[in-house]
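A look at the structure
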Amino acid sequence: MSATPAGSLADPAPRRARLTVAVALFGLLAVLPLAVQFGLPSHWLTLATRAMIFAIAALSLDLILGVGGLVSFGHAAFIGIGAYGAGILIAEGQGEALIALPLAIAACALFAAVTGAVSLRTKGVAFIMITLAFGQMAYFLAQALSAYGGDDGLTLQQRSTLAGWDVFADRTHFFYIVLATLAGCHFLIRAIVASRFGRVLRAARENPVRVAVTGYDVDRVRLIAYVISGMIAGVSGFLLANQTEFVSPAFMSWQRSGELIFMVVLGGVGTLHGAIIGAFAFLVAEDVLSGWTEHWKAIFGPLIVLFVLMTRGGIDGLLRRLGGRGDD
Amino acid sequence: MTTSLLIVQILNGLQLGVLLFLVAAGLTLVFGVMDFINLAHGVQYMLGAYLAVTFVGLTGSFVLGLALALAAALLIGLALEFVVFRHLYERDHLDQVLATFGLILLLNQGVKIVWGAAPLSVPIPAFLSGAVVLADGILYPVYRFALIGAGLGVGLLLWFIVERTRTGMLLRAGASNAAMVSALGVDIRRLFMVVFAFGTMLAGFAGAMAAPILSVEPGMGDTILILAFVVIVVGGIGSIRGAFVGELIVGLVDTLGRSFMNDLLRLFMSAPSARATGAALSSMLIYLVMAVVLFLRPEGLMPAKGRT
């Protein structure tokens, strides 16, 4: 895998620059509800909330795909498990996020630990295929859950509550909760990448043999990263179920996993803030194109192909090249 | 009664397996020789089916329609190779996955635009209609036998080409070390084209043969693609023999699991909970088998020789 653009997170200078970009992004988002107060269509608030939720999932994918070099094609399964965690518990009368969210995250951790332990026994293309297959397994399992809607999905009767407070129901409150979660996940993953553990994970992407010889258990490091990534993606699924007030097997379809990969690559693999930019670019493009024609995928598909053939390093790399800072 | 049901289900499993083999063989060949992961292989299967619908409808003859559909599928495949795939061979797997994913979005939507979203079908040809009496009261459609036979025939042909001809020798050499084959004066681009064309034909053939018994609809290629991945991973990546063994396992386990899981569970469960668990378990069964195989043998059951 040589998918990582130059200027990795190890270099302090671009790392600080990236932090500036991310903080600026969060600051911009924080004033969006104000702009809606002053006449921006409120559709943008809904869209931005959705984009932030997917940005959380894309961020978590970037931890294993970008930083760890593991191309997981089954990441949507974790979104689905998190979403079903919210949906099933609400259907069973447990709407308290302080109870439901940890349970959903634990379910994701378990699924990630079991499938990760098997998948990580393989490398490269086999890893892509196996994560895809496990994602499909979760999809079919959700389809078979006839008690919770099966193929038709499950409509949430209410949104989750936070410590008994009905805070998820208000659109602006929910927006800020999602924004805070996104910022929290971003800084958490940044801290992980900068830590000793993150360094080993990065090193294992470049040269797993050397890392193993140095005395680290590469498989264990990767598995832990995979589990952390799955847990964070579960959080985004939990939020997504609360936004759409609906969960269905389609949340974990394999196309969704492919879209997540595209978001990460679109923004720039391994840069973290790129995953956020990629998620926004993807969802805005989807919103605009699907408003334009029902066959938007026939336009979007070729755009993906063109993007892959023409660019290297995603939007982040493009900006850096345009900025003349070169990417050695 | 149960034995006859078992026989019928085993035949159904074989038939699914044969379709999977045709798709998986092309996929694993292209990957083995070119180190190229082509997610769009599934839509090539779908295109084969749609083209069969059109050409059988136009000509009124199944055989002629099939031949035309194959030729058209080949042309489309070569066009895709020229415009997109060719530029991806040197790229890493992530780029290959993404670009071919984009093609899937385009082609799935494309067939919706051209043929409509409603499922289509191809009539079973007259000379292959009817059923064979296997034993007292057990009937099995002739067409499905023909499908199994055709699949096994193609498998045999494939084995012959790969193991006994000069082209096959180059293929095997290319799979072990493409750079060395190129250095020895073989036009590797042409070899890649041949392999790719062959894989496309196999997928298109599978789709066209499946058209009379499955509903032809957008997205039909995605399901079979993922099953083909399971087949390849279980059998060992890059190995035709592995694909054949994997195909048998996946086809039989999936079909038999779906038909007998309920009865099996009912031995020690109440009927409603057996139905619920059975549905969940049987849809996950092949993935569980895959997990077990990988846990025991990460390289698959029959890994290709000489791959590193």
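Each value, and the rule that gives it
Residues numbered from 1 in each chain as written. Chains lettered and ligands numbered in written order. Predicted model: local features only at pLDDT ≥ 70, side-chain atom pairs only at ≥ 80, totals over all residues. Heavy atoms only, no water. Helix = DSSP H or I, 4+ residues; strand = E, 2+ residues; numbered from the N terminus. Rg over C-alpha atoms; globule rule 2.2 N^0.38 Å. Contact = heavy atoms within 4.5 Å. Areas by Shrake-Rupley, 256 points an atom, 1.4 Å probe, with all protein chains shown as cover. Lys, Arg positive; Asp, Glu negative; His and termini not counted. Charge placed at Lys NZ, Arg CZ, Asp CG, Glu CD. Phe/Tyr/Trp six-rings, centres within 6.5 Å; stacked < 30°, edge-to-face > 60°. Buried < 20%, exposed > 50% of the residue type's maximum accessible area, 1.4 Å probe, protein only. Lys NZ or Arg CZ within 6 Å of the ring centre and 35° of its normal. pLDDT = per-residue confidence, 0-100. Patch = residues over 30% accessible without salt bridge, like charges linked within 9 Å, V, L, I, M, F, W, Y side chains within 5 Å. Salt bridge = Lys/Arg side-chain N within 4 Å of Asp/Glu carboxyl O. Expected span 1.5 Å × (residues − 1). Bend = angle between axes of the 7 residues up to and from the residue. Polar contact = N/O pair within 3.5 Å; in protein donor to acceptor, adjacent residues only side chain to side chain. Axes fitted to C-alpha atoms, helices over the stretch in contact; angles between N-to-C directions. Parallel < 35°, antiparallel > 145°, perpendicular 65-115°, else oblique. Buried area = accessible area lost by both parts, 1.4 Å probe. Nonpolar A, V, L, I, M, F, W, Y, C, P; charged D, E, K, R; others polar.

Some remarks on the overall build of chain B
Looking only at helices and strands, one finds 11 helices and two strands in chain B. Its helices and strands in sequence order give chain B the pattern α-α-α-α-β-β-α-α-α-α-α-α-α, from N to C terminus. The C-alpha atoms of chain B give a radius of gyration of 20 Å, which matches the 19 Å a tight globule of 308 residues would have. The principal-axis extents of the C-alpha atoms in chain B amount to approximately 65 × 50 × 35 Å. Counting contacts in chain B only where the partners sit at least 6 residues apart, residues at least 24 apart contribute 77% of the total. Counting only carbon and sulfur atoms, one obtains 69% of the accessible surface of chain B, whose full area is about 12900 Å². On chain B, the mean spot of the 16 positive side-chain charges and the mean spot of the 14 negative ones are 4 Å from each other.

Details of the packing of aromatic side chains
Under the defined criterion, the tally for this structure stands at 24 aromatic pairs over all chains. An angle of 70° between the planes, with centres 6.1 Å apart, marks the rings of A:Phe262 and A:Phe282 as edge-to-face. One end of the pair, A:Phe262, is in helix H11 (residues 254-267); the other, A:Phe282, is in helix H12 (residues 273-292), and 20 residues separate them in sequence. Across the pair, exposure class does not vary: A:Phe262 and A:Phe282 are buried alike. The structure contains a cluster of three or more aromatic residues connected by ring pairs, namely A:Phe262, A:Phe282, A:Trp296, A:Phe300 and A:Phe307. Here the guanidinium or amino end of A:Arg121 rests over the ring plane of B:Phe295, the centre of that ring lying 5.0 Å away.

Concerning the confidence of the model for chain A
Close inspection of predicted coordinates is inappropriate in any region flagged by low pLDDT. Residues and elements named next belong to chain A. Per-residue pLDDT for chain A has a mean of 88; in total, 91% of the residues score no lower than 70. Model confidence for chain A, summarised as mean pLDDT per element, is weakest for helix H14 (residues 314-322) at 65 and strongest for helix H10 (residues 218-244) at 96. Contacts for the low-pLDDT stretch residues 1-8, under 50 throughout, to residues beyond four places or in other chains number 24 contacts.

Points about a nonpolar patch on the surface
Taken together, the side chains of A:Leu28, A:Val31, A:Leu34 and A:Phe38 make up a nonpolar region of the molecular surface, amounting to roughly 470 Å² of accessible area. When you line up the elements, A:Leu28 lands in helix H1 (residues 12-30).

What to know about helix H10 (residues 240-266) of chain B
Residue and element names in this part refer to chain B. If you check H10, its first and last C-alpha atoms are 38 Å apart, about what 27 residues at 1.5 Å a residue would give, namely 39 Å. If you look at H10, its biggest bend is around 50°, right at phenylalanine 260. The N-cap of H10, judged by a side-chain oxygen 2.7 Å from the amide nitrogen of glycine 242 a few residues on, is serine 239.

A few points about the packing of H12(A) against helix H13 (residues 296-310) of chain A
Each pair of packed helices can be described by the angle between their axes along with the distance between the axes. All names here are of chain A. In the contact formed by H12 and H13, the axes pass within 9 Å of each other and the chain directions differ by 140°. One finds that H12 runs oblique with respect to H13. Contacts between H12 and H13 involve Phe282, Ala285, Glu286, Leu289, Ser290 and Trp292 from the first element and Trp296, Ile299, Phe300 and Leu303 from the second.

Section: the environment of A:Pro14
Within the secondary structure, A:Pro14 is located in helix H1. Sequence separation between A:Pro14 and A:Thr271 is 257 residues; the distance between their C-alpha atoms is 9.7 Å.

Some remarks on the interface of chain B and chain A
If you look at the interface, chain B gives 43 residues, while chain A gives 42 residues. With both sides pooled, the region where chain B packs onto chain A buries about 4000 Å², and carbon together with sulfur makes up 81% of that total. Summed over the three residues of chain B that lose the most area to chain A, namely B:Leu94, B:Leu98 and B:Phe101, the buried surface amounts to 16% of that side. Our enumeration of links across chain B and chain A arrives at six residue pairs in polar contact (both at pLDDT 80 or more). Elements represented by at least two residues in the side of chain B that touches chain A include exactly helix H4 (93-115), helix H9 (220-235) and helix H11 (271-296) of chain B. When grouped by side-chain class, the residues that make up the side of chain B that touches chain A number 34 nonpolar, five polar and four charged.

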